[in-house]
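Geometric and topological summary
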Amino acid sequence: MKSSVYVDNNATTAVAPEVTEAMLPYFTEQWGNPSSMHTFGGGVKKALDAAREKVAALLGAEHPNEIIFTSCGSESDNMAIRGAVDAMGGHPHLITTRVEHAAVLGPCHYLEDKGFRLSTLEVDEKGNLDLNKVHEFSISGKKTVASIMWANNETGVIFPVPAIGSIVKQGGGIFHTDAVQIAGKLPISVKDTPIDLLSISGHKLHAPKGIGALYARRGTKITPHIMGGHQERGRRAGTENVPYIVGLGTACELAMERMQKDAMHERKLRDRLEAGILATCKGASVNGAGTERLPNTSNISFEYVEGEAILLMLDDIGICASTGSACASGSLEPSHVLRAMDVPRSMLHGSIRFSLSRYNTDEDIDYVLEKLPPIIRRLRELSPFAED
Ligand code: PLP
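These notes cover the structure that comes with them.

Definitions and limits used
- Residues numbered from 1 in each chain as written.
- Predicted model: local features only at pLDDT ≥ 70, side-chain atom pairs only at ≥ 80, totals over all residues.
- Heavy atoms only, no water.
- Core = buried A, V, L, I, M, F, W, Y, C linked by side-chain atoms within 4.5 Å.
- Buried < 20%, exposed > 50% of the residue type's maximum accessible area, 1.4 Å probe, protein only.
- Helix = DSSP H or I, 4+ residues; strand = E, 2+ residues; numbered from the N terminus.
- Domains from an automatic or database assignment.
- Contact = heavy atoms within 4.5 Å.
- Axes fitted to C-alpha atoms, helices over the stretch in contact; angles between N-to-C directions.
- Left-handed = near helix turned anticlockwise from the far one by under 90°.
- Nonpolar A, V, L, I, M, F, W, Y, C, P; charged D, E, K, R; others polar.
- Pairing = 2+ DSSP bridges.
- Near = heavy atom within 4 Å.
- Polar contact = N/O pair within 3.5 Å; in protein donor to acceptor, adjacent residues only side chain to side chain.
- Areas by Shrake-Rupley, 256 points an atom, 1.4 Å probe, with all protein chains shown as cover.
- Salt bridge = Lys/Arg side-chain N within 4 Å of Asp/Glu carboxyl O.

**Brief notes about the nonpolar core**
- Ranked by internal contacts, the top residues of the largest apolar core, which has 65 residues, are L198 and L248.
- Looking at which element gives the most residues to this core, the answer is helix α8 (residues 242–280), with nine residues.
- Each of domain 1 (5–13 + 259–382) and domain 2 (17–254) gives at least three residues to this core.
- The residues contacting L248, other than those within four sequence positions of it, are V55, F69, I200, G202, L205, A207, I211, G212 and A213.

**Focus on the packing of helix α3 (residues 39–59) against α8**
- At a minimum axis separation of 8 Å, α3 and α8 run at an interaxial angle of 35 degrees. The way α3 lies across α8 gives a crossing that is left-handed. Residues V44, A47, L48, A51, K54, V55, A57 and L58 of α3 form the contact with α8, whose own contacting residues are V242, I245, V246, L248, G249, T250, C252, E253, A255, M256 and M259.
- A class-by-class count of the residues in the contact of α3 with α8 yields 15 nonpolar, two polar and two charged.

**Considerations on the sheet that holds strand β4 (residues 118–121)**
- What the seven strands build is an open sheet, ordered β2-β8-β7-β6-β5-β3-β4; its pairing is mixed. Looking at the sheet topology across the chains shown, the edges are occupied by β2 (67–70) and β4. Neighbour to neighbour, the strand axes of the sheet diverge by 20 degrees on average, direction disregarded.
- Both strand β7 (residues 197–201) and strand β8 (residues 212–216) contribute to a ladder of five bridges, which runs antiparallel. Bridging across to β8, S201 finds its partner in G212.
- Sitting on the sheet, α3 is in contact with β2, β7 and β8, with an inclination near 110 degrees to β2.
- Contacts from helix α6 (residues 131–138) reach β3 (93–97), β4 and β5 (144–147) within the one sheet, and its direction differs from that of β4 by about 170 degrees.

**Focus: the site of the ligand**
- Contacts to the ligand come from 13 residues, most closely from S74, D178, Q181, S201 and K204.
- Within the backbone of G73, one N or O atom sits 2.8 Å away from an oxygen atom of the ligand.
- Within the side chain of S201, one N or O atom sits 2.6 Å away from an oxygen atom of the ligand.
- Taken by itself the ligand offers 390 Å² of open surface, and the protein chains cover 90% of this.

**A few points about the pattern of salt bridges**
- If you walk through the whole model with that rule in mind, you get 16 salt bridges.
- The salt bridge involving K45 is made with D49; its shortest N-O contact spans 3.1 Å. Placement of both K45 and D49 in helix α3 is noted, with a separation of four residues, approximately one turn of the helix.
- Residue K45 is classed as partly exposed on the basis of its relative accessible area of 36%.
- Linking R270 and D271 is a salt bridge whose minimum nitrogen-to-oxygen distance equals 3.0 Å.
- Among the residues examined, R270 registers a relative accessible area of 5% and is labelled buried.

Next comes the structure, spelled out in structure tokens:
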């Protein structure tokens, strides 16, 4: 048995060796507090500033001070939505979509329970948003805060964020986008895109878990959710997690250097994987096919089989994939994203997400293409609903 084929990179990625190497001195030698007045702390402050510049560069931010370090993508999303709503005052109208990650839906539903009006936009069967709807809600003449993701974690479907941002901004609203899955995979330039707030997460781009960032365009008001010290220019109190911040900076720098090459590599492997599966597995279809998608993501439904069963059998032979977002695993509820896309009932429970990284190889794809079709055939033979 091949030791392990990891094709679950939208859940988390391996920490790049360059990232680990860059972080280590900040545990062992340079462990000072960046807020200290002495030279020892000052050295650490320089590392913090350098990391901020690297994150700003990956996102195409005008100024490094627009980057606020957080602990994860979920924190960035919560901070953006709740912070913007609070700073706006009154009762702004919230706009989001049915296919967002729980880190966005959670705070939106919390605010809805508190009495805020929430509009949740539908998607079509390919995962596309109807921009007319964004328009309709954004010109409601009321204050709005819209949180609409850039790329979907389950299907890889990319929303036209520049167009959405323009609509929201024309209506005078605040626009937040969850860019956790797109950052590091495709180019972003916040200075050229009408975005006020944007979230990223380190562990999705080969930095460790426990570090994230929020881009906040200069002048965008958000109430801090952690109050106290002056860190992060008073926008998030707490002594900075220096080693992880250095790691995130290095991961962003690496992503910038390698983006084109990695995207081409992942797209080539992904397309071969999809073509191979569609050719060998009857009743398979790619969710979000024909729509602009991330180069690394493939979400495939297999008719009349259970995704969990496929996953367990893949796991037995060393293949790590996913049935949807990691947070949803453990529940047998079908994915809210696929339900929003009206995936037929016979396909809804049998979806597998394969998500690749720069570290996947042709050999990995060969192995999946060799092992998966017999698993699907075996499971389908056991299904009382399958026709043959
Ligand atoms: N947003 C999206 C689109 C995600 O895919 C994830 C993680 O899966 C998150 C937010 C949450 O990020 P984190 O795990 O860093 O909290």
